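Listed here are the chains, written in short residue letters.
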Protein chains: 4
Amino acid sequence: MDAAPPLSPRAAATRQRILDAAMAEFAAKGLAGARVDEIAARAGANKRMLYAYFGAKEDLWLTVLEAAYAAKREEEEQLDVAHLPPAEAMARLVAFNLRYTARHPEFVALLNQENVHAAAHLRRSGNVPALYSPLTTRLREVLARGAAEGLFRRDVDPLQLYLSIVALGHFTVANRFTLSTIFGTDLGSEAALQAREAHAVEVVLGYLRP
Amino acid sequence: MDAAPPLSPRAAATRQRILDAAMAEFAAKGLAGARVDEIAARAGANKRMLYAYFGAKEDLWLTVLEAAYAAKREEEEQLDVAHLPPAEAMARLVAFNLRYTARHPEFVALLNQENVHAAAHLRRSGNVPALYSPLTTRLREVLARGAAEGLFRRDVDPLQLYLSIVALGHFTVANRFTLSTIFGTDLGSEAALQAREAHAVEVVLGYLRP
Amino acid sequence: MDAAPPLSPRAAATRQRILDAAMAEFAAKGLAGARVDEIAARAGANKRMLYAYFGAKEDLWLTVLEAAYAAKREEEEQLDVAHLPPAEAMARLVAFNLRYTARHPEFVALLNQENVHAAAHLRRSGNVPALYSPLTTRLREVLARGAAEGLFRRDVDPLQLYLSIVALGHFTVANRFTLSTIFGTDLGSEAALQAREAHAVEVVLGYLRP
Amino acid sequence: MDAAPPLSPRAAATRQRILDAAMAEFAAKGLAGARVDEIAARAGANKRMLYAYFGAKEDLWLTVLEAAYAAKREEEEQLDVAHLPPAEAMARLVAFNLRYTARHPEFVALLNQENVHAAAHLRRSGNVPALYSPLTTRLREVLARGAAEGLFRRDVDPLQLYLSIVALGHFTVANRFTLSTIFGTDLGSEAALQAREAHAVEVVLGYLRP
DNA sequence: CATGAATGAGGGTTCATTCAT
DNA sequence: AATGAATGAACCCTCATTCAT
């Protein structure tokens with residue numbers, strides 16, 4: 001993913017520290033709200049290094065965003081559901097997605113912000129295909145198996161279902177602060193997550209019944 | 001809702017123009033990205049008036065946010081599904097929500113931003129109950145009717161279902177820019193909306209089958 | 001020369017103070033060496049006003065440069081030599097130019113700098129013709145008169161002579177610091193100026209003899 | 001001129017490459033505009049070497065400036081006009097100076113800049129006499145010969161004439177960008193140079209007629 | 001009620017210079 | 001002799017906010 005020349009271990013470490021700090025700062029305060037000084041301070045690095053490694057603030061933003069996509073993709077690629085019965089496999093996919101999202105609210109925050117900016121940065125990304133989720137492929141396989149075995153309905157559009165599955169996990173995380181304020185409950189608690197997960201699985205499997 | 005003294009018609013008009021301009025500017029650029037100068041210019045008003053009517057920028061933000069919630073609430077209150085058969089009523093609720101969200105991306109953008117800020121402003125709102133969606137009540141009624149008539153399953157948590165219904169419409173709007181970039185399609189087209197609406201209704205009704 | 005809306009007296013005064021301060025600062029330290037903070041401080045104005053009235057630093061530079069040209073042009077336009085005998089008229093032109101240059105070393109300094117930048121700013125000026133020196137016209141007239149009366153040689157290229165006359169006054173001012181260092185004398189003293197002026201007039205008139 | 005210990009051939013080569021690169025960069029962008037990184041990069045050298053060999057940026061500037069003076073001095077020393085008739089000798093001097101200046105616009109650019117800085121660096125030079133132009137001596141000799149032979153007028157101040165001769169060549173080069181912009185012609189073309197040279201020679205010889 | 005002018009704090013970015021290897 | 005990494009001080013510019021009229 002990097003066309004840049006290989007960095008010395010020391011430089012690579014500094015670069016990574018900046019990247020991590022930027023992820024935290026950006027997720028917490030957004031692109032405009034994040035402070036370059038603060039990122040450098042969090043990283044224990046000099047501001048100049050930030051510019052040396054990443055260019056301007058917005059370039060750093062894009063790098064962070066791509067890294068967040070890459071991290072999710074990586075976990076998804078290790079997800080093996082081919083050996084499970086269709087219903088169980090489907091449940092795994094739904095639960096995985098929901099849990100990943102809950103575990104990575106910073107990913108959701110970054111997406112939120114990038115959409116506020118009309119994906120202006122992502123559009124300039126040189127590597128959009130790498131953002132495509134392996135989950136869609138997994139989903140297609142499971143759907144096909146389930147339909148072939150007569151366990152799932154046959155009129156399902158895989159892309160729509162993919163969007164719905166992601167939506168079920170994403171929404172409550174993306175809006176956890178406003179929702180929590182309005183409903184007066186903490187949607188991030190383990191109990192709440194378990195309830196949400198069970199419900200999401202139920203919805204998808206219930207829908208898929210032939 | 002307003003404790004302020006009544007404004008002269010001219011003043012009220014200026015106030016409203018500022019509010020509209022702020023909504024547009026905030027939705028387009030976020031809280032941090034929005035410019036007070038730009039809002040005043042769009043409103044054809046003097047900056048000083050903005051401060052006179054709304055206090056600081058963040059107070060204006062909160063006012064705009066509350067107005068967006070109020071607008072949705074108002075439409076929801078006019079939604080009458082009590083006379084429809086349960087399945088049809090449910091379909092109406094799902095479709096309404098999805099369409100409203102699609103018609104009001106600025107509402108989604110505001111929510112996005114407010115969650116980036118951990119709902120810091122909303123929490124200071126003096127009128128949180130007004131944010132509560134009438135949809136939840138409608139949903140409860142329909143669910144109860146459907147279950148009583150044996151058309152819907154009985155183990156449904158209304159709050160969870162509410163969240164899911166909103167999620168199904170919200171997600172693709174909130175992330176329409178990143179999703180469009182990745183999938184290379186325009187999720188905002190009428191055709192795409194129709195497909196999404198049909199799918200969302202199918203999912204909910206499919207899930208609700210006893 | 002100004003297409004901008006008319007400024008209030010107070011604003012115009014502030015604008016002018018900034019312009020004067022900028023002229024001094026730019027002449028003393030060059031474009032890159034000048035400090036925006038310093039200009040604002042010298043002008044007793046807020047930095048923001050500088051940007052409000054002139055745009056960026058480089059725009060201010062161009063405005064200052066154009067003002068310097070305009071100032072010289074204005075003095076040249078008041079120069080009336082039509083009633084003098086040719087030789088006297090020519091001497092007046094040469095002396096005027098030399099003295100103006102000596103009285104306005106900041107003009108020379110600005111030109112120096114602009115040439116270091118390959119006239120990048122001047123080229124973007126919307127009003128290049130206004131930079132053209134009225135002196136050239138005066139010179140043509142005097143040359144023609146002198147030639148007609150048999151007092152001047154007839155093979156003179158007016159543009160070349162114009163360049164030479166300006167050169168004779170310009171060079172010692174433009175390079176007064178390096179020349180003074182090398183020759184160990186002060187080229188800016190009144191005595192030195194008088195000697196230079198007499199010499200320059202002699203050179204031109206001597207050359208023009210038929 | 002160099003009091004430093006003799007450098008190894010490799011080190012001397014690096015030093016020279018840095019000096020050449022600095023000359024180009026300084027001439028193109030001025031002292032403040034030149035970038036140390038860029039000089040090192042152009043020289044294919046490490047920045048540290050630059051500091052090791054030349055001290056700070058301003059010291060490098062002075063070294064470059066002295067080198068530019070030295071280069072001109074060297075060519076002037078090889079100029080032999082003692083064997084030519086006075087008028088021809090004088091023409092040679094005028095033409096040589098004009099052509100040298102035209103061939104070395106970087107020398108003029110450096111002088112421009114140094115005068116913007118009020119010759120602050122040159123004044124610290126340890127070797128000011130080396131800057132003194134051999135041309136002045138040549139000029140004195142020719143003037144004396146011409147006067148003795150009754151070919152030149154006798155009231156000529158050699159220093160003033162020296163300044164004028166240099167001025168005639170220097171001005172159009174120093175201000176070639178602004179002049180070209182205003183007059184809309186390229187003063188650097190060979191045709192323009194030839195015209196300028198012929199005119200300058202004419203002016204000087206015309207003036208010198210008894 | 002409305003306006004134009006002004007302010008000061010701080011944001012992103014750049015640069016000459018030095019350290020550690 | 002040479003290098004890559006790091007530093008901190010500024011510098012240009014922007015913005016929310018207030019004053020004077």
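Residues numbered from 1 in each chain as written. Chains lettered and ligands numbered in written order. Predicted model: local features only at pLDDT ≥ 70, side-chain atom pairs only at ≥ 80, totals over all residues. Heavy atoms only, no water.

- As annotated in an unreviewed UniProt entry, chain A is AcrR family transcriptional regulator from Roseococcus suduntuyensis.

1. Section: the arrangement of the chains
Step number 1: The smallest C-alpha distance separating chain B from chain C is 13 Å, and no contact links them.
Step number 2: Taking C-alpha atoms only, the smallest gap left between chain B and chain D, which are not in contact, amounts to 33 Å. (Contact = heavy atoms within 4.5 Å.)

2. What to know about the protein's contact with DNA strand F
Step number 1: Close to DNA strand F lie 32 residues, the nearest being A:Thr14, B:Arg35, B:Lys47, C:Lys47 and C:Arg48.
Step number 2: Within the side chain of A:Tyr53, one N or O atom sits 2.9 Å away from a phosphate oxygen of DNA strand F.
Step number 3: Contact between DNA strand F and B:Tyr51: a phosphate oxygen at 3.0 Å from a side-chain N or O atom of the residue.
Step number 4: Residue assignment for the surface near DNA strand F shows that the elements contributing at least two residues are α1 (9-33) and α3 (47-54) of chain A, α3 (47-54) of chain B, α3 (47-54) of chain C together with α1 (9-33) and α3 (47-54) of chain D.
Step number 5: Classifying every residue of the surface near DNA strand F by side-chain character gives 13 nonpolar, five polar and 14 charged. (Near = heavy atom within 4 Å. Polar contact = N/O pair within 3.5 Å; in protein donor to acceptor, adjacent residues only side chain to side chain. Helix = DSSP H or I, 4+ residues; strand = E, 2+ residues; numbered from the N terminus. Nonpolar A, V, L, I, M, F, W, Y, C, P; charged D, E, K, R; others polar.)

3. Considerations on the relation of the copies chain D and chain C
Step number 1: When chain D is fitted onto chain C, the two copies agree to an RMSD of 0.1 Å after a turn of 180 degrees and an axial shift of 0.0 Å. Read as a symmetry element, the transformation amounts to a two-fold axis. In terms of proximity to the rotation axis, the leading residue of chain D is D:Tyr207, whose C-alpha is 2.1 Å off the axis.
Step number 2: Looking at the interface residues of chain D, 100% of them are also at the interface in chain C, so both copies use one shared face. (Least-squares fit on C-alpha atoms with pLDDT ≥ 70 in both.)

4. Side note on the interface of chain B and chain A
Step number 1: Across the contact, 52 residues belong to chain B and 52 residues belong to chain A.
Step number 2: Regarding the contact of chain B and chain A, the summed buried area is about 4,500 Å², with carbon and sulfur atoms giving 64% of it.
Step number 3: Put simply, chain B and chain A have two salt bridges between them.
Step number 4: The closest approach of N and O atoms between B:Glu202 and A:Arg153, which form a salt bridge, is 2.5 Å.
Step number 5: Where the side of chain B that touches chain A is concerned, the elements lending two or more residues are α1 (9-33), α6 (105-116), α8 (158-174), α9 (176-183) and α10 (190-208) of chain B.
Step number 6: A breakdown of the residues in the side of chain B that touches chain A according to their chemical character gives 29 nonpolar, 14 polar and nine charged. (Buried area = accessible area lost by both parts, 1.4 Å probe. Salt bridge = Lys/Arg side-chain N within 4 Å of Asp/Glu carboxyl O.)

5. Structural notes on the UniProt feature "domain: HTH tetR-type" (unreviewed entry) in chain A
Step number 1: Within this numbering scheme, the UniProt entry marks residues 12-72 of chain A as carrying the feature "domain: HTH tetR-type" (unreviewed entry).
Step number 2: What you have in residues 12-72 of chain A is 89% helix and 0% strand, and the ends, taken at the C-alpha atoms, are 22 Å apart. (UniProt positions renumbered as here; feature names shortened; annotations may be inferred.)

6. Some words on the protein's contact with DNA strand E
Step number 1: Taken together, 32 residues are adjacent to DNA strand E, and A:Lys47, A:Arg48, A:Tyr51, D:Arg35 and D:Lys47 come closest.
Step number 2: Each atom of DNA strand E within 4 Å of the protein belongs either to a base or to sugar and phosphate, the latter forming 56%.
Step number 3: In this structure, A:Lys47 approaches DNA strand E through a side-chain N or O atom, which is 2.4 Å from a base oxygen.
Step number 4: Between DNA strand E and A:Tyr51 there is a distance of 2.7 Å, counted from a phosphate oxygen to a side-chain nitrogen or oxygen.
Step number 5: Broken down by secondary-structure element, the contributors of at least two residues to the surface near DNA strand E are α3 of chain A, α1 and α3 of chain B, α1 (9-33) and α3 of chain C together with α3 of chain D.
Step number 6: Grouping the constituent residues of the surface near DNA strand E by class yields 13 nonpolar, five polar and 14 charged.

7. Here's the deal with the environment of C:Thr101
Residue and element names in this part refer to chain C.
Step number 1: Counting through the fold element by element, Thr101 comes out in helix α5 (residues 86-103).
Step number 2: For Thr101, a relative accessible area of 5% translates into the label buried.
Step number 3: Put simply, Thr101 and His170 are 69 residues apart on the chain and 6.3 Å apart in space, counted from C-alpha to C-alpha.
Step number 4: Those residues in contact with Thr101 that sit more than four places away from it in its chain are Val108, Gly169, His170 and Val173. (Buried < 20%, exposed > 50% of the residue type's maximum accessible area, 1.4 Å probe, protein only.)

8. A few points about unusual backbone geometry
Step number 1: Positive phi, close to 55 degrees, is recorded for A:Ala118, a residue that is not glycine.
Step number 2: Looking at the element boundaries, A:Ala118 is found in the loop between α6 (105-116) and α7 (134-148).
Step number 3: Of note, the phi angle at D:Ala119 is positive, near 55 degrees, even though the residue is not glycine.
Step number 4: On the accessibility criterion, D:Ala119 (0% relative accessible area) is buried.

9. Re the environment of A:Pro210
All names here are of chain A.
Step number 1: If you trace the backbone, Pro210 turns up in the segment after α10 (190-208).
Step number 2: Look at Pro210 and you get exposed, because its relative accessible area is 63%.
Step number 3: Measuring from C-alpha to C-alpha, the distance between Pro210 and Gly150 comes to 7.4 Å, with 60 residues separating the pair along the chain.

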